Amino acid sequence: HSKVLWVGDLNFRLNKPNAVSRAFVRKNNLADLWPHDELYRAMSTTGVFRGFDEGRLEFDPTYKYDFGTDEYDSGPKNRAPAWTDRVLWHGSKVLLLAYDAARHVRQSDHKPVRAVLAFAQDRFTRTEQDTSESPEKSPPGETPAEETPGGDAE
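Residues numbered from 1 in each chain as written. Predicted model: local features only at pLDDT ≥ 70, side-chain atom pairs only at ≥ 80, totals over all residues. Heavy atoms only, no water.

**Observations concerning a nonpolar patch on the surface**
A surface patch of nonpolar side chains, amounting to about 290 Å² of accessible area, comprises L5, V7 and F119. Inspection of the secondary structure puts L5 in strand 1 (residues 3–9). Of the residues examined, L5 reaches a relative accessible area of 46% and is grouped as partly exposed. (Patch = residues over 30% accessible without salt bridge, like charges linked within 9 Å, V, L, I, M, F, W, Y side chains within 5 Å. Areas by Shrake-Rupley, 256 points an atom, 1.4 Å probe, with all protein chains shown as cover. Salt bridge = Lys/Arg side-chain N within 4 Å of Asp/Glu carboxyl O. Helix = DSSP H or I, 4+ residues; strand = E, 2+ residues; numbered from the N terminus. Buried < 20%, exposed > 50% of the residue type's maximum accessible area, 1.4 Å probe, protein only.)

Dropping the structure here:
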């Protein structure tokens, strides 16, 4: 495959004590918190998700909120905030246009994450087998002359 998206609750946490993580978030010091993210560290040092990319985490951690609120976990487990919800991609010619969380959503203990990505088309070279078994297709947006209404095929 030329492009792969890996999207979901990857369940990676922060390697910082709860109180310290919350202080970083309160002070909007996310750039200094990001290096303590388990996924970021694993991708940088262990080769997990080798070749995948992710945008900068410039939004508050997306987990664990008290249900129906914008407050981090105050229950008995008192979990530390974390960026558990992620969008990763693998492949060339991928441009990240936006990466953020839906802060206004309160129907879960997670804030949904969205990424807006633009994909450039990779060239596809047909093999003999491909061309013998399937009709020639025009690039997207182009109609072959024989299919053009009122047009003459050359």
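**Regarding the pattern of salt bridges**
Applying the stated criterion across every chain, the model contains eight salt bridges. A salt bridge links R56 to E58, with the nearest nitrogen and oxygen atoms 3.2 Å apart. R56 sits in the partly exposed class, given a relative accessible area of 45%. When its relative accessible area of 61% is taken as the criterion, E58 is described as exposed. With its nearest N and O atoms 2.7 Å apart, the salt bridge here joins K111 to D70. On the criterion of sequence distance, the pair formed by K111 in the loop between strand 4 (94–101) and strand 5 (113–119) and D70 in the loop between strand 2 (52–53) and strand 3 (85–91) is long-range, its members being 41 residues apart. Taking the relative accessible area as the measure of exposure, D70 reaches 35% and is therefore partly exposed. Salt bridges sharing common partners tie together D37, E54 and R86.

**Comments concerning the environment of V105**
You can see V105 is positioned in the loop between strand 4 and strand 5. Along the sequence, V105 and T69 sit 36 residues apart, while their C-alpha atoms lie 8.7 Å from each other. The residues touching V105, leaving out its near neighbours within four places in the chain, are K111 and P112. (Contact = heavy atoms within 4.5 Å.)

**Considerations on helix 1 (residues 18–26)**
Each α-helix winds once per 3.6 residues, and so residues spaced three or four apart point in a common direction. Of the positions making up helix 1, those classed as buried are N18, S21, R22, A23, F24 and V25. Summarising the contacts, the buried residues of helix 1 are in contact with helix 2 (30–33).

**Overview of the side chain of D66**
Checked against the element boundaries, D66 lands in the loop between strand 2 and strand 3. Put simply, D66 is tucked away with no salt bridge, and the nearest opposite charge, on K64, sits 5.9 Å away. When neighbours within four sequence positions are excluded, D66 is seen to be in contact with E71, Y72, D73, S74 and G75. (Lys, Arg positive; Asp, Glu negative; His and termini not counted.)

Any functional reading would require information beyond the geometric quantities listed.
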